[in-house]
Amino acid sequence: MVTITQGIYKIKENAAIAKDIMKMVLCGDTSAITAPGQFINIKLDGFFLRRPISICDYDSESITIIYKIVGEGTEAMAKLESGDELDVLVGLGNGYNTEKSGEKPLLLGGGVGVPPLYNLCKVLIGQGKKPTVILGFNTEKEVFYKDEFASLGADVIVATADGTCGVKGFVTDAMKDVEYDYFFTCGPEPMFRAIEKVAATSGQYSFEERMGCGFGACMGCSCKTKYGNKRICKDGPVLEREEIIW
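By convention here, each chain's residues receive numbers from 1 onward along its written sequence. Per-residue local features are limited, in this predicted model, to residues with pLDDT of at least 70; the limit for side-chain atom pairs, both in listing and counting, is 80 or more; totals at the level of whole chains, interfaces and linings are taken over all residues. As a convention, hydrogens and water are excluded, and side-chain values are obtained from all of the structure's heavy atoms.

Draft legend 1. A look at the pattern of salt bridges. Here, a salt bridge means any side-chain nitrogen of Lys or Arg that lies within 4 Å of a carboxyl oxygen of Asp or Glu. Using the criterion set out here, one finds 9 salt bridges in the structure. Of the charged contacts in the structure, one is a salt bridge between Arg 50 and Asp 87, with a shortest N-O distance of 2.9 Å. Linking Arg 50 in the loop between strand 3 (39-43) and strand 4 (51-58) with Asp 87 in strand 6 (residues 85-92), this pair joins segments that are 37 residues apart in sequence. By the burial criterion, Arg 50 is buried, and Asp 87 matches it. The shortest N-O distance in the salt bridge between Arg 241 and Glu 196 comes to 3.1 Å. Of this pair, Arg 241 sits in the segment after strand 15 (238-240) while Glu 196 sits in helix 5 (residues 189-198), and the two are 45 residues apart along the sequence. For every residue, the accessible area (1.4 Å probe, protein chains only) is compared with the maximum for its type, and the residue is labelled buried under 20%, exposed over 50%, or partly exposed between those bounds. Given a relative accessible area of 16%, Arg 241 falls into the buried group. Comment: elements are numbered from the N terminus, with helices defined as DSSP H or I runs of at least four residues and strands as E runs of at least two.

Here it is, written out as structure tokens:
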């Protein structure tokens, strides 16, 4: 049973870590977070809808998120400073199920789909697994968290579309020579469709979707699966490969 809490969180850090990419650390109650891949929903002054952002990492006192400046809402977030406070819903979504990971899981992240894989990677390594992480970006200026994943003990491969860092191409190009027995991924849907064509095992996809409420009430992010309609915000954002209708 997912428990959602609402609270006021104080910003400890809000700084750029790559081109148009910001890292924010929020201090407050994290007890509602139960699995890697969950997200929070942030209320911003002057905006009607909250902003859903994946959890990158957390501890007993703070939550780390990484977001891209893409519109007015995230532009407003980027201007917030240490000490500012935010109204946040925590504990949203069903995250990744690590029980199915196998011994050598493969983690595939594209752009702002990278952050939730960080805590997932930490959990898997804590369980004695040996993950390989492939991080996909458009260009070297957008690369982030390569060293952080490596510091956890994971094997890290970077792919850039223009070849300015790591493998030239996409995550699917980089995964061709990797041995794995399960995969986890987060990123844009075109990346998912490409992975679906070449993936050799079962896996879990974490979908990026526009959301209204963020907790299943408005049905605005519903999608069809082999087992009926599911809400990305409540039944997801993580869905298993076998249930997805492409």
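Draft legend 2. Expanded view of the nonpolar core. Membership of the largest hydrophobic core comes to 26 residues, with the highest contact counts inside it found for Leu 107, Phe 144 and Phe 149. At the level of elements, helix 2 (115-126), strand 8 (132-137) and strand 11 (182-187) are the ones that each hand at least two residues to this core. Among the elements that make up this core, the one with the highest residue count is helix 2 (5 residues). For Phe 149, the residues in contact, after removing those within four places along its chain, are Val 114, Leu 117, Tyr 118, Cys 121, Val 133, Leu 135, Ala 154 and Val 156. Each nonpolar core is a collection of buried residues, namely Ala, Val, Leu, Ile, Met, Phe, Trp, Tyr and Cys, held together in the definition by side-chain atoms within 4.5 Å. Between two residues, a contact is recorded if the distance between any of their heavy atoms is within 4.5 Å.

Draft legend 3. Inspection of helix 2 at higher detail. Compared with an ideal rise of 1.5 Å per residue, which puts 12 residues at 16 Å, helix 2 spans 18 Å between its outermost C-alpha atoms and is within 8% of the ideal. Within helix 2, burial applies to Pro 115, Pro 116, Leu 117, Tyr 118, Asn 119, Leu 120, Cys 121 and Leu 124. Looking at the packing, one finds that the buried side of helix 2 touches strand 4, strand 5 (62-68), strand 7 (105-110), strand 8, helix 3 (146-152) and strand 11. Directly after helix 2, the chain includes Gly 128, whose backbone phi takes a positive value near 90 degrees. Residue count minus one, scaled by 1.5 Å, sets the expected span of a helix.

Draft legend 4. Representation of the confidence of the model for the chain within the structure. On a range of 0 to 100, pLDDT expresses the predictor's confidence in each residue. Chain-level statistics for the chain give a pLDDT mean of 90 and a share of 87% at 70 or above. Low confidence marks residues 211-221, where pLDDT is under 50. Its contacts with residues over four positions away, or in another chain, come to 29 contacts.

Draft legend 5. Inspection of helix 5 at higher detail. Restricting attention to buried positions, one finds in helix 5 the residues Met 191, Phe 192 and Ile 195. Projected down its long axis, helix 5 shows its buried positions confined to an angular sector of 100 degrees, all on one face. Looking at helix 5, the residues exposed on the side facing more than 90 degrees away from the buried face are Pro 190 and Lys 197. Buried residues belonging to helix 5 abut strand 7, helix 4 (171-174), strand 11 and strand 12 (203-207). Arc definition: directions from the helix axis to the C-beta atoms.

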